[in-house]
Amino acid sequence: MTASAANGFAQVLYEPVSATCHQSPYTFRPMYSTSSEHTRVPWAAHSYNVAFSDEIGHFEYCDVVAGDGSCASNSEGVDDDDAPCLTAAQSLFVPISGCTGTDNDFDGTSYQQVWPGTDPNRGQDKKYHASPITFTSPLFNGSSNYDRVAFEADLPRIEAADFGGNCDRFTGTNCVNPPPGSNFYPIYSTGSSTQNPSANGHCVWQLGGPFLKGTTNTFGGNSAAEYGPLLFSFYPNPDPAIRLRTNNFRNVLSSNPCPA
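This one's a predicted model, so the numbers in the text were calculated from it and none came from an experiment.

Cut-offs used in this document
Residues numbered from 1 in each chain as written. Predicted model: local features only at pLDDT ≥ 70, side-chain atom pairs only at ≥ 80, totals over all residues. Heavy atoms only, no water. Phe/Tyr/Trp six-rings, centres within 6.5 Å; stacked < 30°, edge-to-face > 60°. Helix = DSSP H or I, 4+ residues; strand = E, 2+ residues; numbered from the N terminus. Lys NZ or Arg CZ within 6 Å of the ring centre and 35° of its normal. Patch = residues over 30% accessible without salt bridge, like charges linked within 9 Å, V, L, I, M, F, W, Y side chains within 5 Å. Areas by Shrake-Rupley, 256 points an atom, 1.4 Å probe, with all protein chains shown as cover. Salt bridge = Lys/Arg side-chain N within 4 Å of Asp/Glu carboxyl O. Buried < 20%, exposed > 50% of the residue type's maximum accessible area, 1.4 Å probe, protein only. Pairing = 2+ DSSP bridges. Axes fitted to C-alpha atoms, helices over the stretch in contact; angles between N-to-C directions. Core = buried A, V, L, I, M, F, W, Y, C linked by side-chain atoms within 4.5 Å.

1. Re the packing of aromatic side chains
- One pass over the full model with this rule turns up 14 aromatic pairs.
- Plain terms: the ring middles of Phe 52 and Phe 135 are 4.0 Å apart, the flat faces sit at 20° to each other, and that makes the pair stacked. Of this pair, Phe 52 sits in the loop between helix H1 (29-33) and strand S3 (60-61) while Phe 135 sits in strand S8 (residues 133-135), and the two are 83 residues apart along the sequence.
- One aromatic cluster in this structure is built from Phe 52, Phe 135, Phe 151, Tyr 188, Trp 205 and Phe 219.
- The residue whose ring lies beneath Arg 40 is Tyr 235, and the NZ or CZ to ring-centre distance is 4.7 Å.
- Above the ring of Tyr 235, the side-chain terminus of Arg 245 is found at 4.9 Å from the ring centroid.

Written as structure tokens, this is what we have:
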């Protein structure tokens, strides 16, 4: 899909005294082709523009679901964030009972070593874990690679006090990677086109652990090394007019190690 006016894309017009919102057709290609680490979304936790992003931390197992949709019993213990929950009968595809709320204490399945590539024994890893998500680097103008890439994790936002955590986003105190309570946090790696069948002759990005078959670079091999230091960004705010805080860990590479 091309982000163009012809395909219905538009920008919301800045009209502070208008009672309704209006928009103007807009082609985003020039904006995306010149994107850099300074091109950001000022109203979101993440700072990115052109990006691939996963969304994790919204599932935990529950043995017995109560009538009000909370978790009544769980072999791992019941937490305040174990809600809302669905019974196995309510699950449309895989009959598993579980809870889909934000996993504020980072003890759910997303933060365990159940990702592909988390077991150094590749036979065991393939037997018990799913295949990794793989994708190629984005292009602009149909064929041009971006010069640089970056890794970013919005853990400070999820670890913040308003989510029940201890992260002070104005100072960075108690903002940590991996998150507290977790046993694992997924990383990106690059894969070899000769060993990864899904590459189809290209370098591919992989999401999971550091032990995937055909891996060519793990960028440190863990989340703390890969995602880098805290990033403090300016955000629009009515009082004061500009607010500086951290929502992310970010590591900008000097090149693109996986051109499409």
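2. Side note on a nonpolar patch on the surface
- Taken together, the side chains of Tyr 61, Leu 92, Phe 93, Val 94 and Ile 96 make up a nonpolar region of the molecular surface, amounting to roughly 600 Å² of accessible area.
- The residue Phe 93 is located in the loop between strand S6 (85-86) and strand S7 (98-99) in this model.
- Residue classification places Phe 93 among the exposed positions, given a relative accessible area of 78%.

3. Structural notes on the sheet that holds strand S12 (residues 187-191)
- One open sheet accounts for 4 strands, arranged S8-S13-S12-S14; its pairing is antiparallel. The sheet is open, and its two edges are formed by S8 and strand S14 (215-217), each paired on a single side. Averaged over all neighbouring strand pairs, the angle between strand axes comes to 45°, with direction disregarded.
- Note: S12 against S14, 2 bridges, orientation antiparallel. Its bridge partner lying in S14, Gly 191 is registered against Thr 215.

4. Focus on the nonpolar core
- Ranked by internal contacts, the top residues of the largest apolar core, which has 22 residues, are Phe 151, Tyr 185, Tyr 188, Trp 205 and Tyr 227.
- Going through the elements one at a time, strand S11 (150-153), helix H3 (155-158), S12 and strand S13 (204-208) are the ones with two or more residues in this core.
- Grouped together as the second largest cluster of nonpolar side chains are 5 residues, Cys 62, Val 65, Cys 85 and Cys 99 included.

5. A few points about the pairing of S13
- Within S13, 5 of the 5 residues are buried, which leaves the element mostly enclosed by the surrounding structure.
- What you see with S13 is no split at all: Val 204, Gln 206 and Gly 208 on one side and Trp 205 and Leu 207 on the other are buried throughout.
- Summarising the sheet, S8 and S13 pair through 3 bridges and their orientation is antiparallel. Looking at S13, one finds that Ile 133 is bridged to Leu 207.
- With 5 bridges joining them, S12 and S13 adopt antiparallel strand pairing. Directly across from Ile 187, in S13, lies its bridge partner Gly 208.

6. Re the pairing of strand S15 (residues 230-236)
- Only one face of S15 is buried: it carries Leu 231, Ser 233 and Tyr 235, and the other face, with Leu 230, Phe 232, Phe 234 and Pro 236, is open.
- Inspection of the sheet shows S15 paired to strand S16 (residues 242-252) by 7 bridges, in the antiparallel sense. Looking at the pairing, Phe 232 lines up with Thr 246 of S16.

7. Notes on unusual backbone geometry
- Cis geometry is adopted by the peptide bond preceding Pro 84, which originates at Ala 83 and carries an omega value of -5°.
- Inspection of the secondary structure assignment puts Pro 84 in the loop between strand S5 (71-73) and S6.
- With an omega of 5°, the peptide bond running from Asn 177 to Pro 178 counts as cis.
- Backbone geometry at Phe 106 places phi at a positive 55°, although glycine is not the residue there.
- Its location among the elements puts Phe 106 in the loop between S7 and helix H2 (122-128).
- Phi is positive for Asn 174, close to 65°, though the residue is something other than glycine.
- Locating Asn 174 in the fold gives a position in the loop between H3 and S12.
- A relative accessible area of 49% places Asn 174 in the partly exposed class.

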